[in-house]
Amino acid sequence: MKSKLILAIESSCDETSAAVVKDGREVFSNIIASQIDTHTKFGGVVPEIASRMHIEAIDAVVKEALNVAHVTLDDIDAIGVTYGPGLVGALLVGLEYAKGLAFAAKKPLIGVNHIEGHICANYIEHKELEPPFVSLVVSGGHTYIVHVKEHGAYEVLGQTRDDAAGEAFDKVARALGLGYPGGPKIDKLAKEGNPEAIAFPRAKFHEDTLDFSFSGVKSAVLNYLNKSSMQNIEVNKADVAASFQRAITDVLRDNVFLTCENKNLKKIAIAGGVASNSALRKVLMDEGDKRGIEILFPESILCTDNAAMIGSAAYFELLKNNIYDLALNAKPNLKLGER
Ligand code: KG4
Ligand code: ZN
């Protein structure tokens, strides 16, 4: 089969990104304009500012993606774009731009689910990876355990009932005065702390479920900090970071390995921003070694939001001829496996 080149666009949150990807696995370019420095001042993403900054950046980002890949629009087989989930104003910038390009250049348009994109980042990193496998998607907005049955066929087996894993990292980091985004900062500080210093709770449900809850551990950390401050006790921030991180990674590990057992699957592909957490990677690899289960994850730049992962997901949709019409609208609450 002739190879396919996808131009992909991602703008669901605070990164404006465009990429050129060949056959879902080979990245020719992956340009990412991050707005993090701007949002840091506000302690989190401000949706109005995000939309405006996407508008300012998108044209140059897409042109650069084509330039770096040494291709023109003529060489592109299809345009892939994230249409949900995410911030509606942010999504619309990338989507409308992609629709305009698809119309003008007479190229097929492929709408991509952002969470599916995160999972597909693993196809770029691991050239031989094919379903079935279990994916643990841990990002700023989502926490899912997914059975990836085949390309594009997902069964969600567990999800968070409150905060996403990344959100808990960000909120705890904020309380510790570490700034935004908090995940990488906690990851770094935790290396100097004792993960067993403080016994933060691990949420367990009574029902037979693979769901998560992270608001309890987050509140426990906030209470611990408040209590210490009222009693004028100086806290060891590194111990807090390490103990909090251990509580999160313990729960993620237990549920994802239980899924492998239930489904008799031997591969776990982690995805999303929190997949670059060094403690999570280690905890899963150690357990994987014991149980003979392979742990896969993308390099860090492919874990956090980027368009290359969207290009990979779009390729597998193109193979199935899943082309979208130009009336496609942004879906801020799009679920995995939904259209
Ligand atoms: O996937 P992503 O870029 O955006 C969403 O789709 O949400 O994930 C961003 C999240 C943030 O919450 C950030 O704090 C977290 O990923 N993150 C990390 C690490 N790097 C990024 N969390 C823990 N450890 C890290 N090293
Ligand atoms: Zn994301």
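Conventions we followed
- Residues numbered from 1 in each chain as written.
- Chains lettered and ligands numbered in written order.
- Predicted model: local features only at pLDDT ≥ 70, side-chain atom pairs only at ≥ 80, totals over all residues.
- Heavy atoms only, no water.
- Near = heavy atom within 4 Å.
- Polar contact = N/O pair within 3.5 Å; in protein donor to acceptor, adjacent residues only side chain to side chain.
- Areas by Shrake-Rupley, 256 points an atom, 1.4 Å probe, with all protein chains shown as cover.
- Helix = DSSP H or I, 4+ residues; strand = E, 2+ residues; numbered from the N terminus.
- Nonpolar A, V, L, I, M, F, W, Y, C, P; charged D, E, K, R; others polar.
- Domains from an automatic or database assignment.
- Contact = heavy atoms within 4.5 Å.
- Buried area = accessible area lost by both parts, 1.4 Å probe.
- Buried < 20%, exposed > 50% of the residue type's maximum accessible area, 1.4 Å probe, protein only.
- Pairing = 2+ DSSP bridges.
- Axes fitted to C-alpha atoms, helices over the stretch in contact; angles between N-to-C directions.
- Right-handed = clockwise from strand over helix to strand, strands pointing away.

Asks: Teacher, can you tell me more about the site of ligand 1 here?
Replies: Close to ligand 1 lie 21 residues, the nearest being Gly-140, Asp-170, Gly-183, Asp-187 and Asn-277. In the model, a nitrogen atom of ligand 1 is placed 2.9 Å from a nitrogen or oxygen of the Asp-187 side chain. Gly-273 is positioned such that a nitrogen or oxygen atom in its backbone is 3.0 Å from an oxygen atom of ligand 1. Against a free-state accessible area of 550 Å², the protein chains account for coverage of 89% of ligand 1. Those elements giving two or more residues to the shell around ligand 1 turn out to be helix H4 (114-125), helix H5 (165-175) and helix H6 (182-190). Examining the composition of the shell around ligand 1, we find that 4 residues originate from one element, H6, more than from any other. Taken together, the residues that form the shell around ligand 1 break down as 5 nonpolar, 13 polar and 3 charged.

Asks: Would you take a moment to explain the domain arrangement of the protein chain for this structure?
Replies: Accessible area lost on assembly of the parts is the figure often given for the size of an interface. When cut into domains, the protein chain gives domain 1 (5-120 + 302-319) and domain 2 (131-298). Taken over C-alpha atoms, the centre of domain 1 sits 27 Å from the centre of domain 2. Between domain 1 and domain 2, the contact holds 18 residues from the first and 21 residues from the second. Buried surface at the junction of domain 1 and domain 2, both sides included, amounts to about 1500 Å², of which 73% is carbon and sulfur. Summed over the three residues of domain 1 that lose the most area to domain 2, namely Ile-115, Ile-119 and Cys-303, the buried surface amounts to 40% of that side.

Asks: Explain unusual backbone geometry here, please?
Replies: A negative phi angle is the norm for most residues apart from glycine, just as the trans form is the norm for most peptide bonds. Here the bond from Gly-84 into Pro-85 is cis, since omega is -10°, no more than 30 degrees from zero. Topologically, Pro-85 is positioned in the loop between strand E4 (78-84) and helix H3 (88-105). Residues other than glycine seldom take positive phi values, yet His-70 does so here, at roughly 55°. Looking at the element boundaries, His-70 is found in the loop between helix H2 (47-69) and E4. Phi angles above zero are rare outside glycine, and Asn-321 is one such case at about 60°.

Asks: Mind showing me how you'd approach the side chain of Ser-17 here?
Replies: In this fold, Ser-17 is placed in strand E2 (residues 15-22). Accessibility expressed as a relative area gives 1% for Ser-17, which makes it buried. Residues in contact with Ser-17, not counting those within four places in the same chain, are Ala-8, Ile-9, Glu-10, Asn-30, Ile-31, Ile-32, Val-61, Asn-306 and Ala-307.

Asks: Explanation requested: the sheet that holds strand E6 (residues 133-138) in the structure shown.
Replies: Strand pairing in a sheet takes place through backbone hydrogen bonds and is either antiparallel or parallel in direction. The 5 strands are arranged E8-E7-E6-E9-E10 in an open sheet whose pairing can be described as mixed. Both edges of this open sheet fall to strand E8 (153-159) and strand E10 (294-296), since each of them pairs with a single strand only. The sheet shows a mean angle of 25° between the axes of neighbouring strands, taken without regard to direction. As judged from the 4 bridges shared by E6 and strand E9 (residues 267-271), these two strands associate in the parallel manner. The residue bridging Val-137 from the neighbouring strand is Ala-271, located in E9. The sheet strands contacting helix H8 (residues 237-263) are E6, strand E7 (143-150), E8, E9 and E10, and the helix crosses E6 at an angle near 160°.

Asks: Help me out: how do you make sense of the pairing of E9 in this one?
Replies: In regular strands, side chains alternate between the two faces of the sheet. Taking burial as the measure, the 5 residues of E9 include 4 buried ones, the bulk of the element. The sheet contact formed by E9 and E10 spans 3 bridges and is parallel. Bridge pairing in E10 links Ile-268 to Ile-295. For the handedness criterion, the β-α-β arrangement of E9, helix H9 (residues 278-291) and E10 is classed as right-handed.

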